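Notes for the structure review
Here is what each chain is made of, one letter per residue.
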Number of protein chains: 2
Amino acid sequence: MTRPPERPPERTGFRAVKSEIRDRIESGRWGPGTLLPGEVELAEEFGCARATVNRALREIAEAGLVERRRRAGTRVRAAPLREARFRIPLVRAEIEATGARYRYALLDRAVTPASDRLRGRMELPEDARLLRLTCLHFADGLPYQLEQRWISLAALPQAETQDFADSGPNEWLVATVPYTEVEIAFEAAAAGPEAVAHLGFAPGAPVFAIERTTWLRGRAVTHARLSHRPGHRMTTRY
Amino acid sequence: MTRPPERPPERTGFRAVKSEIRDRIESGRWGPGTLLPGEVELAEEFGCARATVNRALREIAEAGLVERRRRAGTRVRAAPLREARFRIPLVRAEIEATGARYRYALLDRAVTPASDRLRGRMELPEDARLLRLTCLHFADGLPYQLEQRWISLAALPQAETQDFADSGPNEWLVATVPYTEVEIAFEAAAAGPEAVAHLGFAPGAPVFAIERTTWLRGRAVTHARLSHRPGHRMTTRY
DNA sequence: AAGTGGTCTAGACCACCTT
DNA sequence: AGGTGGTCTAGACCACTTG
């Protein structure tokens with residue numbers, strides 16, 4: 001048996017400093033509320049420049065383990081404020097990553113005015129016109145995700161001439177238009193008629209749904225509701 | 001009307017460089033796939049040190065807008081790989097942040113062997129003993145979240161002597177034991193008997209549930225299943 | 001082989017906040 | 001008022017990777 005090419009713990013550099021400091025926190029040697037030594041002092045201890053300690057501490061602070069304030073110094077957080085990060089990839093990538101074959105189908109396409117609910121979510125004016133698409137994404141021939149999408153024709157008039165028959169609107173969108181703001185929401189909802197018809201849910205069964213809205217410089221671009229097949233779990237580990 | 005103390009866009013520093021570069025990407029001037037100028041060149045353009053450009057670009061890369069490789073340079077990502085970040089605060093903080101009054105109740109407490117499902121989730125040995133707690137968190141007197149928690153007594157023997165009558169296990173845990181790894185999962189599940197009894201769900205109704213497991217240096221510490229009251233939405237914006 | 005980003009250093013000035 | 005972190009600079013060496 002040969003070992004995988006495992007990196008030895010770094011002996012120098014900001015990674016070494018970072019990992020040593022994390023270790024002192026995680027081992028309890030520096031418990032919650034402890035005031036850490038100043039950057040200058042740590043730099044002396046580790047035999048490096050202050051900038052190196054600074055980078056290590058900055059990253060530890062970003063991770064939520066410590067809190068830094070001028071003049072007050074760096075303190076171990078009482079309740080480590082950590083974030084869960086989820087990557088929300090294109091469905092195609094998500095499906096192909098599991099080794100399954102991806103297939104896409106457009107179920108419906110229409111131009112509509114915006115409903116009140118949508119105008120609220122997307123922060124749209126009253127007379128907004130939207131392109132509404134209903135799509136289905138398959139993994140190995142089985143329905144995987146139902147996508148209900150609305151595209152603002154004010155922001156993206158060229159969407160009206162796209163037919164979206166062969167590839168999904170999400171792929172077209174990411175290649176076409178950048179965005180500056182995103183809102184993502186997760187919820188558990190009762191299966192509606194479309195989820196029943198296309199995902200094989202019993203009426204009222206629990207559906208895991210993601211809603212995603214994007215804006216470009218304050219202007220709503222698109223809103224999507226992604227409903228997943230029964231049993232879907234969204235997981236992250238860090 | 002006075003304006004809020006709005007910060008003018010920075011004129012110098014890595015923030016200025018960062019925001020200018022983001023702007024060029026978001027405006028489409030540097031479209032997907034574009035190779036950016038090198039750090040040296042950008043430093044000349046912006047009249048700053050290379051380290052300043054480096055920091056700006058590093059942060060833009062972390063945000064997923066560009067991809068950097070030695071020798072190859074910095075490229076605008078074709079499909080911006082962006083992450084959704086969720087803070088999962090203590091329920092108490094979550095409730096009090098809305099202005100509501102927080103109340104806690106312990107419903108049940110027992111020491112049990114680990115079920116197969118739990119042993120899988122927590123990666124526990126066969127003979128593991130767990131402290132199982134069932135708790136309810138109220139907002140303004142109404143049930144807000146049902147917490148089903150298991151604590152490994154091998155990792156945390158002192159949990160056995162805690163009674164958890166007055167404050168929740170999560171608060172005790174964050175103040176007592178650090179962790180190095182977390183797994184978080186979201187799902188939509190059908191309301192079980194406890195959600196029906198305590199959260200007012202109809203049997204089988206959709207419940208938004210978060211499962212969270214933590215380890216300290218490879219050793220399972222605790223696992224929690226948090227079920228939310230009807231209509232709960234988890235949202236993030238960036 | 002060479003050019004790119006990755007990192008470190010030593011020094012400096014500054015903004016901010018706590019005391 | 002003074003000490004802390006926040007940031008910038010100029011220069012240097014290094015690691016990686018691609019041509």
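Residues numbered from 1 in each chain as written. Chains lettered and ligands numbered in written order. Predicted model: local features only at pLDDT ≥ 70, side-chain atom pairs only at ≥ 80, totals over all residues. Heavy atoms only, no water.

Chain A goes by Transcriptional regulator, GntR family in an unreviewed UniProt entry, where it is assigned to Limimaricola pyoseonensis.

Summed over all chains, the structure comprises eleven aromatic pairs over all chains. Plain terms: the ring middles of A:Phe186 and A:Phe208 are 5.7 Å apart, the flat faces sit at 50° to each other, and that makes the pair tilted. Within this pair, whereas A:Phe186 is found in strand β7 (residues 181-190), its partner A:Phe208 is found in strand β8 (residues 206-216), the two being separated by 22 residues in sequence. For the pair A:Phe186 and A:Phe208, one class covers both residues: buried. Ring centres 5.5 Å apart and planes at 85° place the aromatic pair B:Phe164 and B:Trp172 in the edge-to-face group. Each of the two residues, B:Phe164 as well as B:Trp172, counts as buried. The structure contains a cluster of three or more aromatic residues connected by ring pairs, namely A:Phe86, A:Phe186, A:Phe208, B:Phe86, B:Phe186 and B:Phe208. Its end group placed over the ring of A:Phe138, A:Arg103 keeps NZ or CZ at 4.1 Å from the ring centre. (Phe/Tyr/Trp six-rings, centres within 6.5 Å; stacked < 30°, edge-to-face > 60°. Helix = DSSP H or I, 4+ residues; strand = E, 2+ residues; numbered from the N terminus. Buried < 20%, exposed > 50% of the residue type's maximum accessible area, 1.4 Å probe, protein only. Lys NZ or Arg CZ within 6 Å of the ring centre and 35° of its normal.)

We now examine the relation of the copies chain B and chain A. Laying chain B over chain A is done by rotating through 180° and shifting 0.1 Å along the axis; what remains is an RMSD of 0.1 Å. Both copies of the chain, as the preceding transformation shows, are related through a two-fold rotation axis. Comparing contact sets, 98% of the residues at the interface of chain B also lie at the interface in chain A, consistent with an isologous, same-surface contact. (Least-squares fit on C-alpha atoms with pLDDT ≥ 70 in both. Contact = heavy atoms within 4.5 Å.)

For the rest of this paragraph, the subject is the sheet that holds β7(A). Ordered by their spatial adjacency, seven strands build an open sheet running β4(A)-β5(A)-β6(A)-β9(A)-β8(A)-β7(A)-β10(B), and the pairing between neighbours is antiparallel. The open sheet has two edge strands with one neighbour each: β4 (102-113) of chain A together with β10 (233-237) of chain B. Neighbouring strand axes in the sheet, compared pairwise and without regard to direction, differ in orientation by 15° on average. Sheet topology places β7(A) next to β10(B); five bridges connect them, and they run antiparallel. Residue pairing in the sheet places A:Glu187 in a bridge with B:Arg233 of β10(B). Running over the sheet, helix α6 (residues 169-176) of chain A touches β4, β5 (129-139), β6 (142-152) and β9 (219-228) of chain A and is turned about 50° from β6(A). (Pairing = 2+ DSSP bridges. Axes fitted to C-alpha atoms, helices over the stretch in contact; angles between N-to-C directions.)

Now for the interface of chain B and chain A. Listed per partner, the contact involves 49 residues of chain B and 50 residues of chain A. Counting each side, the surface lost to burial between chain B and chain A is near 4,800 Å², with a carbon and sulfur contribution of 47%. Where chain B packs against chain A, one counts twelve salt bridges. B:Arg233 is the partner of A:Glu187 in a salt bridge, and the nearest nitrogen-oxygen pair spans 2.8 Å. Taken together, the connections running from chain B to chain A amount to twelve residue pairs in polar contact (both at pLDDT 80 or more). With ten residues, the top contributor of residues to the side of chain B that touches chain A is strand β7 (residues 181-190) of chain B. When the residues that make up the side of chain B that touches chain A are grouped by side-chain class, the tally is 25 nonpolar, six polar and 18 charged. Here strand β3 (residues 83-87) of chain A runs beside strand β3 (residues 83-87) of chain B; their pairing, made up of five bridges, is antiparallel. Paired with A:Glu83 across the bridge in β3(B) is B:Arg87. (Buried area = accessible area lost by both parts, 1.4 Å probe. Salt bridge = Lys/Arg side-chain N within 4 Å of Asp/Glu carboxyl O. Polar contact = N/O pair within 3.5 Å; in protein donor to acceptor, adjacent residues only side chain to side chain. Nonpolar A, V, L, I, M, F, W, Y, C, P; charged D, E, K, R; others polar.)

Looking at chain A, the domain boundaries give domain 1 (13-76) and domain 2 (91-228). Computed over C-alpha atoms, the centres of domain 1 of chain A and domain 2 of chain A are 44 Å apart. (Domains from an automatic or database assignment.)

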